[in-house]
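Commentary on secondary and tertiary structure
Letter by letter, the chains look like this.
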Amino acid sequence: MSNIDKQKFGTFIAMLRKEKGYTQKELAKQLFISDKAVSKWETAASVPNIDLLIPLANILGVTVTELLMCERMEQDSSLNTLQVEQVVKAAVSYLDGAQTRAYHTKSKWGLIYILSFITACLETLFSYRNGHITNGLIISAILGASFGIYFCFFVKERLPAYYDENRICVYTDGLFEMNLPGISLNNRNWGKILKAGRIWAVSLMLGYPIISYIESLVFSGIWLMAVDLLLSLFLILGGFFIPIYAVGKKYE
(Lines give C-alpha, C1' and ligand atoms only; values in the text may rest on other atoms or scores of the structure.)
Protein backbone atom coordinates (compact mmCIF):
# COMPACT_ATOMS: atom_id res chain seq x y z
CA MET A 1 0.00 0.00 0.00
CA SER A 2 3.02 2.28 -0.24
CA ASN A 3 1.45 4.27 -3.08
CA ILE A 4 -1.72 5.02 -1.11
CA ASP A 5 -1.73 8.10 1.11
CA LYS A 6 -3.65 6.55 4.01
CA GLN A 7 -4.29 9.87 5.70
CA LYS A 8 -5.69 11.42 2.53
CA PHE A 9 -7.67 8.25 1.78
CA GLY A 10 -9.21 8.19 5.27
CA THR A 11 -10.15 11.86 5.10
CA PHE A 12 -11.75 11.33 1.68
CA ILE A 13 -13.78 8.34 2.89
CA ALA A 14 -14.96 10.23 5.98
CA MET A 15 -16.02 13.21 3.85
CA LEU A 16 -17.99 11.02 1.40
CA ARG A 17 -19.63 9.09 4.23
CA LYS A 18 -20.79 12.27 5.93
CA GLU A 19 -22.08 13.69 2.64
CA LYS A 20 -24.26 10.58 2.29
CA GLY A 21 -25.43 10.97 5.88
CA TYR A 22 -24.12 7.59 7.00
CA THR A 23 -22.64 6.79 10.37
CA GLN A 24 -19.62 4.50 10.45
CA LYS A 25 -21.90 1.71 11.65
CA GLU A 26 -24.40 2.25 8.81
CA LEU A 27 -21.65 2.20 6.18
CA ALA A 28 -20.10 -0.90 7.74
CA LYS A 29 -23.47 -2.67 7.73
CA GLN A 30 -23.86 -2.14 3.98
CA LEU A 31 -20.40 -3.62 3.41
CA PHE A 32 -20.94 -6.51 5.86
CA ILE A 33 -17.97 -5.50 7.99
CA SER A 34 -17.51 -4.05 11.48
CA ASP A 35 -17.69 -0.33 12.21
CA LYS A 36 -14.19 -0.68 13.68
CA ALA A 37 -12.90 -1.41 10.18
CA VAL A 38 -14.42 1.82 8.85
CA SER A 39 -12.96 3.70 11.81
CA LYS A 40 -9.50 2.33 10.98
CA TRP A 41 -9.83 3.53 7.38
CA GLU A 42 -10.77 7.03 8.46
CA THR A 43 -7.99 7.27 11.03
CA ALA A 44 -5.39 6.04 8.50
CA ALA A 45 -4.74 2.85 10.45
CA SER A 46 -5.57 0.69 7.43
CA VAL A 47 -7.22 0.65 4.00
CA PRO A 48 -10.05 -1.57 2.67
CA ASN A 49 -9.43 -5.01 1.16
CA ILE A 50 -9.36 -4.94 -2.62
CA ASP A 51 -12.70 -6.80 -2.90
CA LEU A 52 -14.40 -3.91 -1.04
CA LEU A 53 -13.29 -1.15 -3.42
CA ILE A 54 -16.13 -1.57 -5.94
CA PRO A 55 -19.02 -1.85 -3.43
CA LEU A 56 -17.50 0.97 -1.35
CA ALA A 57 -17.27 3.23 -4.40
CA ASN A 58 -20.86 2.41 -5.38
CA ILE A 59 -22.20 3.15 -1.91
CA LEU A 60 -20.32 6.45 -1.63
CA GLY A 61 -21.24 7.53 -5.16
CA VAL A 62 -17.76 7.77 -6.67
CA THR A 63 -15.67 5.72 -9.07
CA VAL A 64 -12.93 3.32 -8.03
CA THR A 65 -10.44 5.64 -9.74
CA GLU A 66 -11.61 8.52 -7.55
CA LEU A 67 -11.22 6.31 -4.48
CA LEU A 68 -7.64 5.42 -5.44
CA MET A 69 -6.80 9.04 -6.20
CA CYS A 70 -8.62 10.21 -3.04
CA GLU A 71 -10.34 13.05 -4.89
CA ARG A 72 -13.36 13.76 -7.04
CA MET A 73 -12.96 14.28 -10.77
CA GLU A 74 -15.08 16.28 -13.19
CA GLN A 75 -17.17 14.06 -15.46
CA ASP A 76 -15.66 15.49 -18.63
CA SER A 77 -12.09 15.54 -17.34
CA SER A 78 -9.43 13.13 -18.54
CA LEU A 79 -6.42 11.80 -16.68
CA ASN A 80 -2.99 13.07 -17.59
CA THR A 81 0.01 10.75 -17.77
CA LEU A 82 1.05 11.38 -14.18
CA GLN A 83 -2.45 10.70 -12.86
CA VAL A 84 -2.70 7.46 -14.85
CA GLU A 85 0.65 6.40 -13.40
CA GLN A 86 -0.62 7.12 -9.88
CA VAL A 87 -3.78 5.08 -10.39
CA VAL A 88 -1.85 2.13 -11.85
CA LYS A 89 0.66 2.18 -8.99
CA ALA A 90 -2.14 2.31 -6.44
CA ALA A 91 -3.93 -0.62 -8.10
CA VAL A 92 -0.73 -2.68 -8.26
CA SER A 93 -0.05 -1.83 -4.63
CA TYR A 94 -3.49 -3.14 -3.69
CA LEU A 95 -2.90 -6.37 -5.61
CA ASP A 96 0.49 -6.87 -3.98
CA GLY A 97 -1.06 -6.31 -0.57
CA ALA A 98 -3.86 -8.79 -1.28
CA GLN A 99 -1.36 -11.45 -2.40
CA THR A 100 0.76 -10.87 0.72
CA ARG A 101 -2.27 -11.24 2.99
CA ALA A 102 -3.30 -14.43 1.18
CA TYR A 103 0.19 -15.88 1.64
CA HIS A 104 0.23 -15.08 5.37
CA THR A 105 -3.28 -16.50 5.83
CA LYS A 106 -2.38 -19.78 4.12
CA SER A 107 0.91 -20.03 6.04
CA LYS A 108 -0.90 -19.50 9.35
CA TRP A 109 -3.51 -22.15 8.63
CA GLY A 110 -0.88 -24.53 7.30
CA LEU A 111 0.92 -24.36 10.64
CA ILE A 112 -2.35 -24.78 12.56
CA TYR A 113 -3.16 -27.85 10.45
CA ILE A 114 0.23 -29.49 11.05
CA LEU A 115 0.02 -28.98 14.81
CA SER A 116 -3.60 -30.18 14.88
CA PHE A 117 -2.77 -33.25 12.80
CA ILE A 118 0.04 -34.26 15.17
CA THR A 119 -2.20 -33.74 18.20
CA ALA A 120 -5.05 -35.71 16.58
CA CYS A 121 -2.67 -38.61 15.84
CA LEU A 122 -1.59 -38.70 19.49
CA GLU A 123 -5.22 -38.60 20.64
CA THR A 124 -6.15 -41.42 18.27
CA LEU A 125 -3.18 -43.52 19.41
CA PHE A 126 -4.24 -43.03 23.02
CA SER A 127 -7.81 -44.12 22.21
CA TYR A 128 -6.54 -47.16 20.30
CA ARG A 129 -4.24 -48.30 23.08
CA ASN A 130 -7.10 -48.02 25.56
CA GLY A 131 -9.55 -49.91 23.33
CA HIS A 132 -11.81 -46.95 22.61
CA ILE A 133 -11.70 -46.77 18.81
CA THR A 134 -15.01 -46.37 16.95
CA ASN A 135 -15.86 -46.37 13.26
CA GLY A 136 -16.92 -42.74 13.54
CA LEU A 137 -13.47 -41.84 14.85
CA ILE A 138 -11.76 -43.42 11.86
CA ILE A 139 -14.08 -41.84 9.27
CA SER A 140 -14.02 -38.41 10.92
CA ALA A 141 -10.25 -38.42 11.27
CA ILE A 142 -9.80 -39.28 7.59
CA LEU A 143 -12.32 -36.66 6.41
CA GLY A 144 -10.99 -33.92 8.68
CA ALA A 145 -7.41 -34.61 7.62
CA SER A 146 -8.26 -34.83 3.91
CA PHE A 147 -10.40 -31.69 3.72
CA GLY A 148 -7.97 -29.90 6.01
CA ILE A 149 -5.11 -30.48 3.59
CA TYR A 150 -7.11 -28.88 0.79
CA PHE A 151 -8.55 -25.97 2.79
CA CYS A 152 -5.29 -25.12 4.55
CA PHE A 153 -2.78 -25.66 1.74
CA PHE A 154 -4.28 -25.73 -1.74
CA VAL A 155 -7.56 -23.81 -1.93
CA LYS A 156 -7.48 -20.49 -3.82
CA GLU A 157 -7.87 -17.49 -1.52
CA ARG A 158 -9.78 -15.46 -4.13
CA LEU A 159 -12.46 -16.33 -6.65
CA PRO A 160 -12.28 -15.30 -10.32
CA ALA A 161 -13.88 -11.92 -11.08
CA TYR A 162 -16.91 -13.47 -12.79
CA TYR A 163 -18.11 -14.78 -9.40
CA ASP A 164 -18.61 -11.15 -8.34
CA GLU A 165 -20.52 -10.36 -11.52
CA ASN A 166 -22.88 -13.36 -11.56
CA ARG A 167 -24.87 -15.47 -9.12
CA ILE A 168 -22.89 -18.71 -8.94
CA CYS A 169 -23.39 -21.29 -6.21
CA VAL A 170 -20.88 -23.92 -7.37
CA TYR A 171 -17.13 -23.86 -6.87
CA THR A 172 -14.97 -26.36 -8.75
CA ASP A 173 -11.22 -26.80 -8.46
CA GLY A 174 -9.88 -30.00 -9.97
CA LEU A 175 -11.38 -32.95 -8.10
CA PHE A 176 -12.87 -30.69 -5.42
CA GLU A 177 -16.40 -29.39 -5.95
CA MET A 178 -18.61 -27.49 -3.53
CA ASN A 179 -22.26 -26.87 -4.38
CA LEU A 180 -24.14 -24.46 -2.10
CA PRO A 181 -27.66 -23.95 -3.52
CA GLY A 182 -29.16 -20.64 -2.45
CA ILE A 183 -25.83 -18.91 -1.81
CA SER A 184 -24.12 -16.63 -4.29
CA LEU A 185 -20.38 -17.21 -3.98
CA ASN A 186 -18.27 -14.07 -4.32
CA ASN A 187 -15.14 -12.49 -2.87
CA ARG A 188 -17.12 -10.88 -0.05
CA ASN A 189 -18.11 -14.20 1.51
CA TRP A 190 -15.43 -16.53 0.12
CA GLY A 191 -12.85 -15.73 2.81
CA LYS A 192 -15.44 -16.34 5.54
CA ILE A 193 -16.45 -19.64 3.92
CA LEU A 194 -12.82 -20.77 3.76
CA LYS A 195 -12.31 -19.86 7.41
CA ALA A 196 -15.42 -21.86 8.41
CA GLY A 197 -14.18 -24.86 6.40
CA ARG A 198 -10.72 -24.67 7.96
CA ILE A 199 -12.11 -24.44 11.49
CA TRP A 200 -14.40 -27.40 10.79
CA ALA A 201 -11.58 -29.60 9.45
CA VAL A 202 -9.22 -28.81 12.32
CA SER A 203 -11.96 -29.12 14.96
CA LEU A 204 -13.07 -32.47 13.54
CA MET A 205 -9.55 -33.84 13.73
CA LEU A 206 -9.00 -32.60 17.28
CA GLY A 207 -12.47 -33.08 18.71
CA TYR A 208 -13.69 -36.43 17.50
CA PRO A 209 -11.03 -38.60 19.21
CA ILE A 210 -12.08 -37.04 22.52
CA ILE A 211 -15.79 -37.48 21.73
CA SER A 212 -15.19 -41.07 20.62
CA TYR A 213 -13.34 -41.85 23.85
CA ILE A 214 -16.19 -40.45 25.95
CA GLU A 215 -18.74 -42.41 23.88
CA SER A 216 -16.91 -45.64 24.56
CA LEU A 217 -16.92 -44.98 28.29
CA VAL A 218 -20.65 -44.18 28.43
CA PHE A 219 -22.16 -46.56 25.85
CA SER A 220 -21.53 -50.08 24.67
CA GLY A 221 -22.78 -52.56 22.08
CA ILE A 222 -25.56 -51.44 19.75
CA TRP A 223 -26.06 -48.17 21.65
CA LEU A 224 -22.45 -47.21 21.04
CA MET A 225 -22.83 -47.92 17.32
CA ALA A 226 -26.06 -45.89 17.09
CA VAL A 227 -24.77 -42.88 19.03
CA ASP A 228 -21.47 -42.96 17.15
CA LEU A 229 -23.27 -43.00 13.78
CA LEU A 230 -25.59 -40.10 14.68
CA LEU A 231 -22.80 -37.96 16.10
CA SER A 232 -20.58 -38.68 13.11
CA LEU A 233 -23.27 -37.63 10.65
CA PHE A 234 -24.05 -34.46 12.59
CA LEU A 235 -20.41 -33.40 13.00
CA ILE A 236 -19.40 -34.32 9.46
CA LEU A 237 -22.41 -32.90 7.60
CA GLY A 238 -23.97 -30.40 9.98
CA GLY A 239 -20.64 -29.19 11.29
CA PHE A 240 -19.55 -28.39 7.75
CA PHE A 241 -22.65 -27.08 5.98
CA ILE A 242 -24.41 -25.17 8.79
CA PRO A 243 -21.53 -22.73 9.52
CA ILE A 244 -20.70 -22.36 5.82
CA TYR A 245 -24.31 -21.56 4.92
CA ALA A 246 -24.54 -19.14 7.85
CA VAL A 247 -21.47 -17.08 6.93
CA GLY A 248 -22.04 -17.45 3.19
CA LYS A 249 -25.53 -16.00 3.45
CA LYS A 250 -24.57 -13.31 5.98
CA TYR A 251 -21.76 -11.88 3.86
CA GLU A 252 -23.37 -12.56 0.48
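Cut-offs used in this document
- Residues numbered from 1 in each chain as written.
- Predicted model: local features only at pLDDT ≥ 70, side-chain atom pairs only at ≥ 80, totals over all residues.
- Heavy atoms only, no water.
- Helix = DSSP H or I, 4+ residues; strand = E, 2+ residues; numbered from the N terminus.
- Buried < 20%, exposed > 50% of the residue type's maximum accessible area, 1.4 Å probe, protein only.
- Contact = heavy atoms within 4.5 Å.
- Salt bridge = Lys/Arg side-chain N within 4 Å of Asp/Glu carboxyl O.
- Patch = residues over 30% accessible without salt bridge, like charges linked within 9 Å, V, L, I, M, F, W, Y side chains within 5 Å.
- Areas by Shrake-Rupley, 256 points an atom, 1.4 Å probe, with all protein chains shown as cover.
- Polar contact = N/O pair within 3.5 Å; in protein donor to acceptor, adjacent residues only side chain to side chain.
- Phe/Tyr/Trp six-rings, centres within 6.5 Å; stacked < 30°, edge-to-face > 60°.
- Arc of directions from axis to C-beta.

**Examining the environment of Phe-147**
- Among the secondary structure elements, Phe-147 is positioned in helix H7 (residues 135-154).
- Given a relative accessible area of 28%, Phe-147 falls into the partly exposed group.
- Residues Phe-147 and Gly-197 lie 50 residues apart in sequence; the distance between their C-alpha atoms is 8.3 Å.
- Here Phe-147 is in contact with Phe-176, Trp-200 and Ala-201, once residues within four sequence places are set aside.

**Let's talk about the pattern of salt bridges**
- Per the counting criterion, the structure on display carries five salt bridges.
- Residues Arg-72 and Glu-19 are paired through a salt bridge, measuring 2.6 Å at the closest nitrogen-oxygen approach. Taken together, the residues span a long stretch of sequence, with Arg-72 in the loop between helix H5 (64-69) and helix H6 (81-129) and Glu-19 in helix H1 (residues 6-20) at a distance of 53 residues.
- Residue classification places Glu-19 among the partly exposed positions, given a relative accessible area of 49%.
- Its salt-bridge partner being Asp-173, residue Lys-156 comes within 3.2 Å of it at the nearest N-O pair. Residue Lys-156 is found in the loop between H7 and helix H8 (162-165), and its partner Asp-173 is found in strand S1 (residues 170-173); the two are separated by 17 residues along the sequence.
- The exposure class of Lys-156 is partly exposed, given its relative accessible area of 44%.

**What to know about a nonpolar patch on the surface**
- A grouping of Ile-114, Phe-117, Ile-118, Leu-122, Ile-149, Phe-153 and Phe-154 is seen on the molecular surface, where their side chains present a nonpolar patch of about 660 Å² in accessible area.
- Counting residues per element, the ones that place at least two in the nonpolar patch are H6 and H7.
- At four residues, the largest contribution of residues to the nonpolar patch is made by H6.
- For Phe-154, a relative accessible area of 56% translates into the label exposed.

**Some words on the side chain of Ser-127**
- Looking at the element boundaries, Ser-127 is found in helix H6.
- For Ser-127, a relative accessible area of 2% gives the class buried.
- Excluding residues that lie within four positions of it along the chain, Ser-127 makes contacts with His-132, Ile-133, Leu-137, Pro-209 and Tyr-213.

**Some thoughts on the side chain of Ser-212**
- With respect to the helices and strands, Ser-212 occurs in helix H9 (residues 190-218).
- A distance of 2.8 Å separates polar atoms of two side chains, one belonging to Ser-212 and the other to Thr-134.
- Not counting residues within four places of it along the chain, the set of residues in contact with Ser-212 comprises His-132, Ile-133, Thr-134 and Leu-137.

**Some thoughts on the packing of aromatic side chains**
- Within this structure, the stated rule accounts for 15 aromatic pairs.
- Ring geometry for Tyr-113 versus Phe-117: centroids 6.0 Å apart, planes at 20 degrees, classification stacked. Here Phe-117 and Tyr-113 lie together in helix H6, a separation of four residues that amounts to about one turn.
- Classification of Tyr-113 by relative accessible area gives buried; the value is 6%.

**A short note on helix H3 (residues 35-42)**
- Val-38, Trp-41 and Glu-42 are the residues of H3 that are buried. Buried residues in H3, looked at end-on, bunch into an arc of 95 degrees, giving them a common side.
- Tucked into the core, H3 has its buried residues touching H1, helix H2 (24-31) and helix H4 (53-60).
- Within two residues after H3, Ala-44 carries a phi angle of roughly 65 degrees, on the positive side.

**Some points on H2**
- Those residues of H2 that fall on the buried side of the exposure criterion are Leu-27, Ala-28 and Leu-31. Here the buried residues of H2 occupy an arc of 100 degrees about the axis, which is enough to place them on one side. Away from the buried face of H2 by more than 90 degrees, exposed residues Lys-25 and Lys-29 are located.
- Packing partners of the buried residues in H2 comprise H1, H3 and H4.
- Where H2 ends, the next residue or the one after it, Phe-32, has phi of about 60 degrees, a positive value.

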